[in-house]
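Spelled out, the chains give:
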Amino acid sequence: MDIEKGKLYICATPIGNLGDISERVIEVLKGVDLIAAEDTRNSIKILNRFGIETPMTSYHEHNKFEKADELVEKLLSGLSVAIITDAGTPCISDPGEVLVQKCIEAGVPVTSCPGASAVITALTLSGFSTKEFYFRGFLPVKEKKKERNEVLSRLSKETATIVLYEAPHKLKETLKDLAATLGEDRRIALCREMTKVHEEVIRTTIGESLLLEPKGEYVLVIEGLSMEAAAADKRSAFENLSLEEHMDLYLKKGMDRKEAMKAVAADLGISKRDVYNALI
């Protein structure tokens, strides 16, 4: 395989089972001039396993801005660089996104060598709908209470399947917050050790998951709010408004009366004629 000079290669590595690495990724890692790794101590295991002797440099959350600038300079000078994360696909809740952005700004060509992804693996194992999903990664830390509550509030109204990451020491707190905002009866799948010998997927409710003892890092997959429940929530938001006040919300947005009546009818789950008759 020919490696292009001055090009960044985004290389996915296994999330557990080393057999999931692709032949293309192995060839790229062997052929580039430099590998930017999130943790060189972890990545050396993969490199040794597949006989890859390419030099590595550390690129992680705490040096991502200054190191990205250094790597862009190397790329502009003609070196080829591959970026890998500890496990899975770089740039997904990962500092790699900064390097990619800076490469694009500098006109450095970027390509992706796809492979394992914890998000997709957990989603497919959950048993929930895969037609539409919302990936949030890690929630804002509890110290950022306002931001965390805003995100949880948005998640409570999300109809798509929700995917989150969580560390073991924060899992209990996150599950408590999810129970308080999304409800204890909402279904959830807790995925850990995916693709490994002791892979575990616990399919339960948020309320029941509070009884679990955390073991390792988790991917949480949460069933989205049903369309019926979402419609009911939307209707309840207008319960304290008179029909005239409800109409005014849309008239003030620049809608004409016909459009406003149609919007009100949709909000309340009734016909436009019912709105018209009530108003006159």
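Anything mentioned here points back to the structure above.
Residues numbered from 1 in each chain as written. Predicted model: local features only at pLDDT ≥ 70, side-chain atom pairs only at ≥ 80, totals over all residues. Heavy atoms only, no water.

Draft legend 1. The arrangement of the overall build of the protein in detail. Counting its regular elements, the protein contains 12 helices and 10 strands. Taken over the C-alpha trace, the protein has a radius of gyration of 24 Å; the compact-globule value for 280 residues is 19 Å, which it surpasses by more than 25%. The principal-axis extents of the C-alpha atoms in the protein amount to approximately 80 × 45 × 35 Å. Of all 280 residues assigned to the protein, the portion counted as buried reaches 43%. (Helix = DSSP H or I, 4+ residues; strand = E, 2+ residues; numbered from the N terminus. Rg over C-alpha atoms; globule rule 2.2 N^0.38 Å. Buried < 20%, exposed > 50% of the residue type's maximum accessible area, 1.4 Å probe, protein only.)

Draft legend 2. Representation of helix H10 (residues 243-251). Burial in H10 covers these residues: Leu243, His246, Met247 and Tyr250. The buried residues of H10 occupy an angular sector of 100° when the element is viewed end-on, so they sit on one face. (Arc of directions from axis to C-beta.)

Draft legend 3. Focus on the side chain of lysine 64. Relative to the helices and strands, lysine 64 resides in helix H3 (residues 64-76). When residues no more than four places from it in sequence are discounted, the contact partners of lysine 64 are Tyr59, Pro95 and Val98. (Contact = heavy atoms within 4.5 Å.)

Draft legend 4. Molecular detail of the sheet that holds strand E6 (residues 133-137). Ordered in space as E6-E7-E10-E8-E9, the 5 strands form an open sheet in which the pairing is mixed. Bordering the open sheet on either side are E6 and strand E9 (200-205), each of which pairs with just one other strand. If you compare each strand with its neighbour and ignore which way they point, the axes differ by 20° on average. As paired elements, strand E8 (residues 187-192) and E9 share 6 bridges and run antiparallel to each other. Across the sheet, leucine 190 pairs through a bridge with isoleucine 202, a residue of E9. (Pairing = 2+ DSSP bridges. Axes fitted to C-alpha atoms, helices over the stretch in contact; angles between N-to-C directions.)

Draft legend 5. Just helix H5 (residues 118-126), in detail. Listed as buried for H5 are Ala118, Val119, Thr121, Ala122, Leu123 and Ser126. On its buried side, H5 packs onto E6, strand E7 (161-166), E8, E9 and strand E10 (218-222).

Draft legend 6. Examining the packing of helix H6 (residues 145-156) against helix H7 (residues 168-182) more closely. Relative orientation of the contacting elements H6 and H7 amounts to 55°, with a least axis distance of 9 Å. Judged by the angle between their axes, H6 and H7 are oblique. When you trace H6 past H7, the crossing you get is right-handed. Between H6 and H7, the contacting residues are Arg148, Leu152, Leu155 and Ser156 on the first element and Glu173, Thr174, Asp177, Leu178, Thr181 and Leu182 on the second. Within the contact of H6 with H7, the residues separate by chemical class into 4 nonpolar, 3 polar and 3 charged. (Parallel < 35°, antiparallel > 145°, perpendicular 65-115°, else oblique. Left-handed = near helix turned anticlockwise from the far one by under 90°. Nonpolar A, V, L, I, M, F, W, Y, C, P; charged D, E, K, R; others polar.)

Draft legend 7. Structural view of the packing of H3 against helix H4 (residues 96-106). The interhelical angle for the contact between H3 and H4, taken along N-to-C directions, is 45°, at an axis separation of 9 Å. In terms of orientation, H3 lies oblique with respect to H4. For the crossing formed where H3 meets H4, the hand is right-handed. Here Lys64, Phe65, Ala68, Asp69, Leu71, Val72, Leu75 and Leu76 of H3 come into contact with H4, specifically with Val98, Leu99, Lys102, Cys103 and Ala106.

Draft legend 8. Local environment of the pairing of strand E1 (residues 8-11). What you see with E1 is no split at all: Leu8 and Ile10 on one side and Tyr9 and Cys11 on the other are buried throughout. Relative to strand E4 (residues 81-84), E1 runs parallel, the two sharing 3 bridges. Bridging from a neighbouring strand, leucine 8 pairs with valine 81 of E4. Bridge analysis of E1 against strand E5 (residues 110-113) gives 4 bridges, and the strand direction is parallel. Counterpart to leucine 8 in the pairing with E5 is valine 110.

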